[in-house]
Amino acid sequence: MVSPSAIVLGALLAMFLVAGAVARFRSDLTRSHIPVIVLALLALTSGALITAEYRAATADAERIDYRVDSQVEGCETAAADRVSEFDELSPDAREVFLSTLRSEGGYTTTENPDQFDISSDADVDNYVRYESECYSVVGYGAGIGSGMYLFVLLFFGIPLTAVLAFLAVYSYRTDSFRIPATVVSVVSVGTAVWLRAVEGTVVPIVATVALLVVAFIWITMGPVRSAER
């Protein structure tokens, strides 16, 4: 299985290679445009990742895990307003109950019948009488944590992507290469620190040093004319 370090570092390397190829085969670009192109690729990648992660998180937030357990003591010990006869359930509630029961107690769906209260932090039991037996039905939703994750993702991710895109366009129009080189360096260092914390290996540090050496060259350069090679 490919490690996260290999994927992230491979993506960074691919961005530099693509940027170099674009600058090489476009007559209106120079090698000094490489960090600008990398910055634009970072913005595109950030936007794509945020979109994919938002869709995945939204789908997970809508998923509900149901569990059905037989109650030996019966439904008499439960509060009357928590007990429902199977025939009184809505078609959606019946489908959820039967699907969960037939799947040996565990079933995941996006259905959320009004007759079943969903648990988040603590179990909320719903009781159903079915064929003279009593069963408890518990549905586990994503809870407040999912909403907070989506908020953080959008609150920080969208502005970050917008800033990266703006800096790429601004740097290209003004032939300013210090800004994109600096941003690329910061992203490289941040990626190395994150991978070091996650995997505890020195490979990300070594690979990032090479990127920083290249970035340092661009930082020390002043604006150049796009016609220069």
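Anything mentioned here points back to the structure above.
Please read these numbers as outputs of a predicted model, since none were measured by experiment.

## Topic: the side chain of S84
Along the polypeptide, S84 turns up in strand β2 (residues 83–85). In contact with S84, other than residues within four places in its own chain, are L89, Y127, V128 and R129.

## Notes on helix α2 (residues 34–62)
The terminal C-alpha atoms of α2 lie 42 Å apart, and with 29 residues this matches the ideal 42 Å at 1.5 Å per residue to within 8%. All of the buried residues along α2 are I34, P35, V36, I37, V38, L39, L42, A43, S46, I50 and A57.

## A closer look at the environment of R178
Tracing the sequence through the fold places R178 in helix α5 (residues 178–199). For the pair formed by R178 and P35, sequence separation is 143 residues and the distance between their alpha carbons is 8.8 Å.

## Some details on the nonpolar core
If you look at the biggest cluster of nonpolar residues, it comprises 17 residues, and the most contacted ones within it are I34, V38, L39, L42 and L164. Elements represented by at least two residues in this core include exactly α1 (4–25), α2, α4 (144–174) and α5. Looking at which element gives the most residues to this core, the answer is α2, with 6 residues. Ignoring sequence-local partners within four residues, the contact set of L164 consists of L39, L42, A43, S46 and V183. If you look at the next biggest cluster of nonpolar residues, it comprises 14 residues, including V68, L98, Y130 and V137.

## With respect to the state of the cysteines
Within this structure, the stated rule accounts for 1 disulfide. Sulfur-sulfur distance for the disulfide between C75 and C134 comes to 1.9 Å. On the S-S bond that ties C75 to C134, the torsion sits near 100 degrees, and the link is right-handed. Pair noted here: C75 is in the loop between β1 (64–70) and β2 and C134 is in strand β6 (residues 133–140), with a separation of 59 residues, a long-range link. A single burial state applies to C75 and to C134, both of which are buried.

## Here's the deal with the layout of surface pockets
Reported here for the largest pocket is a volume of approximately 660 Å³. Surrounding the largest pocket, 21 residues form its lining, L42, T45, S46, L49 and V187 being those nearest its centre. Where the lining of the largest pocket is concerned, the elements lending two or more residues are α1, α2, α4 and α5. Residue composition of the lining of the largest pocket, by class: 15 nonpolar, 5 polar and 1 charged.

## Concerning the packing of aromatic side chains
Counted according to the given criterion, the structure contains 7 aromatic pairs. Here the aromatic rings of F97 and Y130 are separated by 5.5 Å at their centres, their planes lie at 70 degrees, and the arrangement is edge-to-face. Here F97 is found in helix α3 (residues 91–102), whereas its partner Y130 is found in strand β5 (residues 126–130), with 33 residues between them in sequence. Considered together, F97 and Y130 belong to a single accessibility category, that of buried residues. Site record: aromatic cluster; members linked through ring pairs are F86, F97, Y130 and Y135.

## Some details on a negative patch on the surface
A surface patch of negative charge is lined by D92, E95, E111 and D114. With respect to the secondary-structure elements, D114 resides in the loop between β3 (106–109) and β4 (118–119).

## Examining the environment of V138
Positionally, V138 belongs in strand β6. With a relative accessible area of 0%, V138 lands in the buried category. With 71 residues separating them in the primary sequence, V138 and R67 have C-alpha atoms 5.3 Å apart. Excluding residues within four positions of it along the chain, V138 makes contact with D65, Y66, R67, S119, D123, V124 and D125.

## Overview of unusual backbone geometry
For E131, which is not glycine, the phi dihedral falls at a positive 50 degrees. Here E131 falls in the exposed class, since its relative accessible area comes to 63%. The backbone of S132 shows a phi angle near 65 degrees, a positive value even though the residue is not glycine. With respect to the helices and strands, S132 occurs in the loop between β5 and β6.

What counts and how
Residues numbered from 1 in each chain as written. Predicted model: local features only at pLDDT ≥ 70, side-chain atom pairs only at ≥ 80, totals over all residues. Heavy atoms only, no water. Helix = DSSP H or I, 4+ residues; strand = E, 2+ residues; numbered from the N terminus. Contact = heavy atoms within 4.5 Å. Expected span 1.5 Å × (residues − 1). Buried < 20%, exposed > 50% of the residue type's maximum accessible area, 1.4 Å probe, protein only. Core = buried A, V, L, I, M, F, W, Y, C linked by side-chain atoms within 4.5 Å. Disulfide = S-S within 2.5 Å. 1 Å grid on protein atoms, 1.4 Å probe; cavity = no way out; pocket = protein on both sides within 12 Å on 5 of 7 lines; lining within 4 Å. Points joined across faces, edges and corners; volume = space filled by probe spheres on them. Nonpolar A, V, L, I, M, F, W, Y, C, P; charged D, E, K, R; others polar. Phe/Tyr/Trp six-rings, centres within 6.5 Å; stacked < 30°, edge-to-face > 60°. Patch = residues over 30% accessible without salt bridge, like charges linked within 9 Å, V, L, I, M, F, W, Y side chains within 5 Å. Areas by Shrake-Rupley, 256 points an atom, 1.4 Å probe, with all protein chains shown as cover. Salt bridge = Lys/Arg side-chain N within 4 Å of Asp/Glu carboxyl O. Lys, Arg positive; Asp, Glu negative; His and termini not counted. Charge placed at Lys NZ, Arg CZ, Asp CG, Glu CD.

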